[in-house]
Amino acid sequence: MLTAGTLVSLSDALLTDVPTPALAPRTHSAKLWLPQRVVFTPDALDEEFGQQILARVSAQNLEVELLKSNRLTGLRDPGGDVRATYRTAKNTLAVVKAPAGALRLQPTPPSADWQLNLAEGCPAHCQYCYLAGSLSGPPVVKAFANLPQLLANTASYERPGRVTSFEASCYTDVLGIEHLTGSLAEAVRHFSTREGAQLRFVSKYDHIDSLLALPHRGRTRARFSLNAEPVARRLEGGTASVEARIQAMRRLALPVALGGAGYPVGVVLAPIMPIPDWQQHYTELLDRLQQAFDFDCDLTVEFITHRFTPGSKDVLLQWYPNTSLDLAEEGRAVKRNKFGGLKYVYQPEQMKAMKAWFYAEWQRRFPAAPVQYWT
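Remember, it's a predicted structure, so these values are computed and weren't measured experimentally.

Asker: What is the right way to read unusual backbone geometry from this model?
Answerer: Backbone phi values are negative for most residues with the exception of glycine, while trans is the configuration of most peptide bonds. The omega angle of the peptide bond from Pro109 to Pro110 is 0°, so this bond is cis rather than trans. Turning to its location among the elements, Pro110 is positioned in the loop between strand S4 (107-108) and strand S5 (112-115). The peptide bond linking Ala270 to Pro271 adopts the cis configuration, its omega dihedral lying at -15°. Here Pro271 lies in strand S13 (residues 265-272). In this structure, Asn61 is a non-glycine residue whose phi angle is positive, near 60°. The phi torsion at Asp277 lies on the positive side, around 60°, for a residue other than glycine. On the secondary structure map, Asp277 appears in the loop between S13 and helix H10 (278-292).

Asker: Could you clarify how one ought to interpret the pattern of salt bridges in this entry?
Answerer: Any two side chains of opposite charge can pair, so long as their charged atoms come close to each other. All told, the structure shown has 19 salt bridges when counted by the stated rule. A salt bridge links Glu236 to Arg245, with the shortest nitrogen-to-oxygen separation between them at 2.7 Å. When its relative accessible area of 1% is taken as the criterion, Arg245 is described as buried. A salt bridge links Glu361 to Arg365; its shortest N-O distance comes to 2.8 Å. Linking Glu361 with Arg365, this pair stays in helix H12 (residues 348-365), spanning 4 residues, or about one helical turn. We note that Glu361, like Arg365, is buried.

Asker: Help me understand the pairing of strand S8 (residues 141-144) in this model?
Answerer: Looking along a regular strand, one sees the side chains alternate between the two faces of the sheet. For strand S3 (residues 92-96) and S8, the ladder comprises 4 bridges, and the chain directions are parallel. Looking across to S8, one finds that Leu93 is bridged to Val141. For strand S6 (residues 119-120) and S8, the ladder comprises 2 bridges, and the chain directions are antiparallel. When the bridges of S8 are listed, Glu120 appears paired with Lys142.

Asker: Before we go on, may I ask you to explain the nonpolar core in this structure?
Answerer: For soluble globular proteins, nonpolar side chains are generally found buried alongside one another. By size, the foremost hydrophobic cluster in this structure holds 111 residues, and its most contacted members are Leu226, Tyr282, Leu289, Phe358 and Trp362. Residue contributions to this core peak at 7 residues, all from helix H9 (residues 242-253). Those residues in contact with Trp362 that lie beyond four places of it in its chain are Val267, Leu286, Leu289, Leu299, Thr300, Val301, Phe303, Ala369 and Val371. Val202, Val268, Ile304 and Tyr373 belong to the second largest nonpolar core, which has 5 residues in total.

Rules and cut-offs
- Residues numbered from 1 in each chain as written.
- Predicted model: local features only at pLDDT ≥ 70, side-chain atom pairs only at ≥ 80, totals over all residues.
- Heavy atoms only, no water.
- Helix = DSSP H or I, 4+ residues; strand = E, 2+ residues; numbered from the N terminus.
- Salt bridge = Lys/Arg side-chain N within 4 Å of Asp/Glu carboxyl O.
- Buried < 20%, exposed > 50% of the residue type's maximum accessible area, 1.4 Å probe, protein only.
- Pairing = 2+ DSSP bridges.
- Core = buried A, V, L, I, M, F, W, Y, C linked by side-chain atoms within 4.5 Å.
- Contact = heavy atoms within 4.5 Å.

Here it is as structure tokens:
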């Protein structure tokens, strides 16, 4: 609780070079996402897995609409209000059949070898959302009813003599919708039988109970997106607290003999932002991680700095017109891809300094946990 004395101290800190007081970690779990509208296309209902999703949704006492065609309608505000369209879409689960193009997997370095999309769209409200500008149309959550077909298709992308990795979280938070779809558990079970493959997912949710008893055989790496407390509080709406995510990752990583599930796990520290007193805030996060992971386990880390494109900036400002997210192009460096697209990243000198700091701080605490990449 903020007392009058605390407020005075905070005010004084803002006027001096004294570091701002640490924010006491929040510990709340994420609320289960229960959409206001659930629709099924005819194609989805023809799939056995689509029927399983229907049973799950019905068990949550959600009203279900069976569409007459495979086309999704009624998502856009008739008056053209972008915010109203956003609210409608974010409260909608559409169970559909993934198109044929979904069987042509796309590479997704440096995260993994290939994308494996179990769904598209996310129930969270992160104001830096990487999906803005990446997915076309309103941000509705689409779950794929032909999941067994998508999973079987991955075998043709495996390569003898090496482990092929498949990323399930490119366009969704699979754990955030797992209570309605069961897709992640199905994928974990599938990859437990594939010696030459590994499933990877990342989440900001903490509802992991359905994963604990699965026969994963170490072939699914459960990663959790973490950030400094001020960033998570300010910009990550609808998600579990950072502490709840850390504890969920700990439960998944603990050996079975100690009451855990023995999964390989990972930290995705993203998006890293040089906020005021950033070393202090990220030190507190890393210290909490070190306290939680006081046992031997298979742990990795991925460092991802904040970046945005002109298109994503435009979409984000429509979705979150009052955001405090720094989207100023001035002071950023421009990074171009081979297709001519551009994104705004931090300046090289700033990136170099942050990279050196994060690598040193991570390796000091977790010398046996490799850094997979910095971007």
